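Fold and geometry: a report
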Amino acid sequence: VGVRFSNLELAPFWGAGLRFSLAALTFVAIALALRLRWPTGRLLALTAAYGLLSFGLFYALMYWALQRVTAGMATVVMAMVPLVTVLLTWVQRLEPLRRRTVVGAAVALGGILWMTLGEDRVVLPLTGLLAMFAAAVTIGESVILGKKVSANHPAMTNAVAMVVGAASLLALSAVAGENWAVPTRPDVIWSLAYLVTLGSVGLFVLMLLVVRRWTASATSYAFVLFPVVTMLLEAWLADEPLSWRGTTGALIVMAGVWFGALAPSARASTEPLTTAPPAAEAP
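No experiment lies behind these values; they were computed from the predicted model shown. (Residues numbered from 1 in each chain as written. Predicted model: local features only at pLDDT ≥ 70, side-chain atom pairs only at ≥ 80, totals over all residues. Heavy atoms only, no water.)

Remarks on the overall build of the chain
The helix and strand inventory of the chain stands at 13 helices and two strands. Excluding contacts between residues fewer than 6 apart, the proportion of contacts in the chain whose partners are at least 24 apart in sequence is 89%. (Helix = DSSP H or I, 4+ residues; strand = E, 2+ residues; numbered from the N terminus. Contact = heavy atoms within 4.5 Å.)

Here it is, written out as structure tokens:
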């Protein structure tokens, strides 16, 4: 919802770049004040890759897509992140793939199609929907990378990662020829302040602390809660009507994610579909 308000006055890539530039400065100041050790070598490369995916590519897709779809519909697509993350961990031989995951993914996809396809027209624009799917894959992979760098202090990880992400967003904004305007509308200023503080500094410290203690796939389960909260906030703050099709679609998506990834029987299942994708034969 905050991104939707930011897009009212700020160009999407510039708005995202400004947000993470301010958040990066905050984290750099915290890292310097705490005299934290800066990452080097492989850890630095992984942290930079984490920043490029988490704050560069993901938010470029999100800010652009949220000019075309509502925040509520976007978070319903994002609710598939746990299933996407499970599939990515399987491809990378980190976790097994189970039959329940495949069935749950099919149910969740059906929920998205139910919301997207009306009786006689496409309700959601295809470009926005594809951007959201790409964002789901991007953030799923970034959670896996976050697990790999989670042993480092979260302030230092975010300081490096957000500098990389902000630089890539500002470069993209410059290439797109966006106007680098300073916000003047009160609602945009307040949304930017929220996005920089709680929405960036607070959120990503907590995410790294959680992924340090949980698996990457378990951490991604937070995305299942987003649609309910976002739809209610959007209806309250942005006067976006709650449609029966969007509400039922959200419930179907969350049911699919629950069945495929969250239910105790799914997590305790011992019957994998296969333990890992087949290895490529050596030439």
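Digging into the pattern of salt bridges
Scanning all chains against the criterion turns up one salt bridge. Arginine 185 is paired through a salt bridge with aspartate 187; the nearest N and O atoms lie 2.7 Å apart. (Salt bridge = Lys/Arg side-chain N within 4 Å of Asp/Glu carboxyl O.)

So, the environment of alanine 161
Mapping alanine 161 onto the fold places it in helix 8 (residues 154-176). With relative accessibility at 0%, the residue alanine 161 sits in the buried group. Residues alanine 161 and alanine 49, spaced 112 residues apart in sequence, show a C-alpha to C-alpha distance of 7.7 Å. Alanine 161 has contacts with Thr47, Tyr50, Gly51 and Phe55, leaving out every residue within four places of it along the chain. (Buried < 20%, exposed > 50% of the residue type's maximum accessible area, 1.4 Å probe, protein only.)

Describing the packing of helix 7 (residues 126-148) against helix 9 (residues 186-213)
Orientation of helix 7 relative to helix 9, taken along the N-to-C sense of each, is 70°, at an axis distance of 9 Å. As the angle between them shows, helix 7 and helix 9 are arranged roughly perpendicular. For the pair formed by helix 7 and helix 9, the contact residues are Val143, Gly146 and Lys147 on the first element and Leu208, Val211 and Arg212 on the second. Considering only residue class, the contact of helix 7 with helix 9 consists of three nonpolar, one polar and two charged. (Axes fitted to C-alpha atoms, helices over the stretch in contact; angles between N-to-C directions. Parallel < 35°, antiparallel > 145°, perpendicular 65-115°, else oblique. Nonpolar A, V, L, I, M, F, W, Y, C, P; charged D, E, K, R; others polar.)

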